[in-house]
Amino acid sequence: MSVFRRALIASNIRNLECYCGVQKRFSNTLFDGTLEKHRRSELSHDREKTESFPPFEAPKDYKKKYPDFLPNADWKKRDRITEKLERKDMLRRRAVLNIPEFYPGSILAITVSDPYAPGKYNRFVGICIAKNGNGLRTSFTLRNVVDNIGVEILYELYNPTIQKVEVLKLEKRLDEELYYLRDCDPKYSTFNFNMEPVQHPPGAPIPVNDIVLKIGPRPWNQKWHRQNLKGVEGLDEHLREVEKKLAEKTAEPWEKYDIMKTYRNSIHEEESERILSEVYEKNLHNQKLKENRKPLKMD
Amino acid sequence: MAGRFIPELLFKRQFGTTPLLNEIRKMARLRVVDNSILGRQAELEGKPAKCIHVYNKNGVGTIGDKVLVAIKGQKKRAFLVGVRQKQKAMVPRFDSNNIVLIEDSGQPTGTRIRVPIPSLLRGKKGEFSKILACATKFV
């Protein structure tokens, strides 16, 4: 890197700090936009080739099928290079392990390699109560009641110890997070370990289970009455007048009309399309490789 | 103060309302999950075992740790075999804090454990292997 360019970058960082009031993360970090501008600039003598967008257009269901490929919506936590490397790793993992699509409310069976188990693997069946994170850090929680005691296990989707992911029942619920199952009747979170998988015809829409559960007596694990839940009823009979008034006071019914808030908490349409088309391209490439692979000669 | 009405003092909350940490420290109530008579009687009386000491350096017990409990007027040692606190990935979290009572000799008081036990405890050796011998299920 030339002395001139180094000085330019240094001055840019200083300018950003002064004018934008942006906190710098590392002293040598540059914003993507600034870097791109200098790369493309006519003045730059070691111009680099900018990447072109892949011409593939991803199918429409990709956004639902691969939500973990979309990066964190919080721009402060984003880093495009890390995201790209992570996506590469995720696809490599998916080439080895079949990860089907599932949602909170679906019933899953996870097989994990376990050095202490007699067969060297451990299988757990449960209802998915939450799906968090993105990229390689995607995780989900399974819940089941075994021997009259509730057990929950958080799994990392891209953990290399996972051997098999089976979806026994593909389903959605009225809410995105089902932590309230902890305070409901245990029969609603009890599932047989030898459960037969329910077939889901490919291409069919995901069925939504509109079951509404009755919440149990207090004390509760969380303040369910403050969370706008659709899948729970009978909350009011456990509340005092003061709590009802407080819940009304703290409610934010205008939140869904806040366009800026939804914009800030979601990935831009153009960007998600670009990422998913990249995934689609890689998937097609992998498929071709599989088809063209010559069978091994076994003499 | 007499005759003066101070609304701030009356309506200000004097306690926190953050979610529970569910840590097992001294004074925490625990659930005996083996089939010992002592544990069952304490549960029937409505006075479950109370943690009075945690045998580790930070004073907060997790699965596999040894605790001293007060149960029915006695001091007993026990092993934690399942906790309510948020766990790391791949480690099960239970709906109650479970313990298995042991005698001073290290022999478990009961003969069977009624609930599943985290599979990663099978890696523990020494005193713990006697407890693993009476476990019925692992998750």
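Residues numbered from 1 in each chain as written. Chains lettered and ligands numbered in written order. Predicted model: local features only at pLDDT ≥ 70, side-chain atom pairs only at ≥ 80, totals over all residues. Heavy atoms only, no water.

- Under an unreviewed UniProt entry, chain B has the name Large ribosomal subunit protein uL14m and belongs to Dimorphilus gyrociliatus.
- UniProt, in the comment section headed Sequence similarities (unreviewed entry), describes chain B in these words: "Belongs to the universal ribosomal protein uL14 family."
- As stated in UniProt under Subcellular location (unreviewed entry), the record for chain B gives "Mitochondrion". (UniProt positions renumbered as here; feature names shortened; annotations may be inferred.)

- As annotated in an unreviewed UniProt entry, chain A carries the name Large ribosomal subunit protein bL19m and is attributed to Dimorphilus gyrociliatus.
- In its Subcellular location (unreviewed entry) section, the UniProt entry covering chain A states "Mitochondrion".

**Overview of the interface of chain A and chain B**
Line of reasoning, step 1. On the side of chain B, 21 residues touch chain A, which itself brings 24 residues to the contact.
Line of reasoning, step 2. Approximately 1800 Å² of surface area, both sides summed, lies buried where chain A meets chain B, with 56% of it carried by carbon and sulfur atoms.
Line of reasoning, step 3. When residues of chain A are sorted by the area they lose upon contact with chain B, Tyr116, Asp147 and Ile149 of chain A head the list and together hold 30% of the total.
Line of reasoning, step 4. Top element by residues in the side of chain A that touches chain B is strand S4 (residues 149–156) of chain A. It accounts for eight residues.
Line of reasoning, step 5. With two bridges joining them, S4 of chain A and strand S5 (residues 93–94) of chain B adopt antiparallel strand pairing. Among the inter-strand pairings, Val151 of chain A is bridged to a residue of S5 of chain B, identified as Phe94 of chain B. (Contact = heavy atoms within 4.5 Å. Buried area = accessible area lost by both parts, 1.4 Å probe. Helix = DSSP H or I, 4+ residues; strand = E, 2+ residues; numbered from the N terminus. Pairing = 2+ DSSP bridges.)

**Focus on the confidence of the model for chain B**
Residues and elements named next belong to chain B.
Line of reasoning, step 1. Across chain B, pLDDT averages 89, with 86% of residues at or above 70.
Line of reasoning, step 2. The element-level mean pLDDT for chain B is lowest in helix H1 (residues 7–11), coming to 53, with strand S3 (residues 66–71) highest at 97.
Line of reasoning, step 3. Confidence estimates for the predicted assembly give a pTM of 0.82 and an ipTM of 0.86. (pLDDT = per-residue confidence, 0-100.)

**Side note on the sheet that holds strand S4 (residues 74–82) of chain B**
Residue and element names in this part refer to chain B.
Line of reasoning, step 1. Ordered in space as S1-S2-S3-S4-S6, the five strands form a closed barrel in which the pairing is mixed. Taking the axes of each pair of neighbouring strands and ignoring which way they run, one obtains an average angle of 55° across the sheet.
Line of reasoning, step 2. Alignment of strand S1 (residues 29–32) against strand S6 (residues 98–102), held across two bridges, turns out to be parallel. Paired with Val32 across the bridge in S6 is Ile99. (Axes fitted to C-alpha atoms, helices over the stretch in contact; angles between N-to-C directions.)

**Side note on the packing of aromatic side chains**
Line of reasoning, step 1. Under the criterion given, the structure shown has eight aromatic pairs over all chains.
Line of reasoning, step 2. Between Phe79 of chain B and Phe128 of chain B, the ring centres sit 5.0 Å apart and the planes meet at 75°, which makes this aromatic pair edge-to-face. Of this pair, Phe79 of chain B sits in strand S4 while Phe128 of chain B sits in the loop between S6 and helix H3 (129–133), and the two are 49 residues apart along the sequence.
Line of reasoning, step 3. The exposure class assigned to Phe79 of chain B is buried, which follows from its relative accessible area of 6%.
Line of reasoning, step 4. Taking the relative accessible area as the measure of exposure, Phe128 of chain B reaches 2% and is therefore buried.
Line of reasoning, step 5. By way of ring pairs, the aromatic residues Tyr62, Tyr66, Phe69 and Tyr280 of chain A are connected into one cluster.
Line of reasoning, step 6. The ring centre of Tyr55 of chain B lies 5.9 Å from the NZ or CZ of Lys66 of chain B, which sits over that ring.
Line of reasoning, step 7. It is Arg122 of chain B that lies over the ring of Phe138 of chain B; its NZ or CZ is 4.1 Å from the centre. (Phe/Tyr/Trp six-rings, centres within 6.5 Å; stacked < 30°, edge-to-face > 60°. Buried < 20%, exposed > 50% of the residue type's maximum accessible area, 1.4 Å probe, protein only. Lys NZ or Arg CZ within 6 Å of the ring centre and 35° of its normal.)

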